[in-house]
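# Observations on the model geometry
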Amino acid sequence: MSTQVTLYGIPNCDTVKKARTWLDANGVAYTFHDFKKAGLDAGLVKTWLKDIPWDTLVNRKGTTWRALSDERKAGITDNASATALIVEMPSIVKRPVLHTSGQPTHVGFTADLYQQIFKN
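In short, a report on the structure. Being a predicted model, the structure only gives us computed values, none of them experimental.

## Considering the overall build of the chain
When its secondary structure is counted, the chain shows eight helices and four strands. Helices and strands in the chain line up, N terminus first, as β-α-β-α-α-α-α-α-α-β-β-α. Taken over C-alpha atoms, the radius of gyration comes to 14 Å for the chain, in line with the 14 Å a tight globule of 120 residues would show. With the model as given, the accessible surface of the chain reaches about 6900 Å², and the carbon-plus-sulfur share is 48%. Across the chain, the 15 positively charged side chains and the 11 negatively charged ones have centroids separated by 4 Å.

Here it is, written out as structure tokens:
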């Protein structure tokens, strides 16, 4: 059974570009899911939240978060409220999200992290 790898993000994100370049250079076959175009559903986000804390998955340093009202920010306090926000505004997600079958889901990119994930 082959390992399925999916990289979630948006194509113009610099960190996503670095991750895609690393995967390509290291011969890792993957599917790219552009969540700005294809969106995200609550079931997928809940799967991610099994491995990634909501306050890591929600990018609170980005422009999407900063554009939210203080009241809206204060309402994001747990997995349920974070899931609703992510489904409504996928660009709030810290990128990229990497899902590899049989392994935990990861967020962000460093060459060291990917080397560790894909070591054979």
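On we go from here.
## Considerations on helix α7 (residues 79-88)
Considered for burial, the residues of α7 that qualify are S81, A82, T83, L85 and I86. Considering only its buried residues, α7 is in contact with α3 (42-48), α4 (54-57), α5 (63-66) and α6 (70-74).

## Side note on the pattern of salt bridges
Counted according to the given criterion, the structure contains one salt bridge. Between R72 and E88 there is a salt bridge whose closest N-O contact spans 2.7 Å. You can see R72 sitting in helix α6 and its partner E88 sitting in helix α7, a full 16 residues away along the chain. The class of R72 is partly exposed, set by a relative accessible area of 29%.

Conventions used here
- Residues numbered from 1 in each chain as written.
- Predicted model: local features only at pLDDT ≥ 70, side-chain atom pairs only at ≥ 80, totals over all residues.
- Heavy atoms only, no water.
- Helix = DSSP H or I, 4+ residues; strand = E, 2+ residues; numbered from the N terminus.
- Rg over C-alpha atoms; globule rule 2.2 N^0.38 Å.
- Areas by Shrake-Rupley, 256 points an atom, 1.4 Å probe, with all protein chains shown as cover.
- Lys, Arg positive; Asp, Glu negative; His and termini not counted.
- Charge placed at Lys NZ, Arg CZ, Asp CG, Glu CD.
- Buried < 20%, exposed > 50% of the residue type's maximum accessible area, 1.4 Å probe, protein only.
- Contact = heavy atoms within 4.5 Å.
- Salt bridge = Lys/Arg side-chain N within 4 Å of Asp/Glu carboxyl O.

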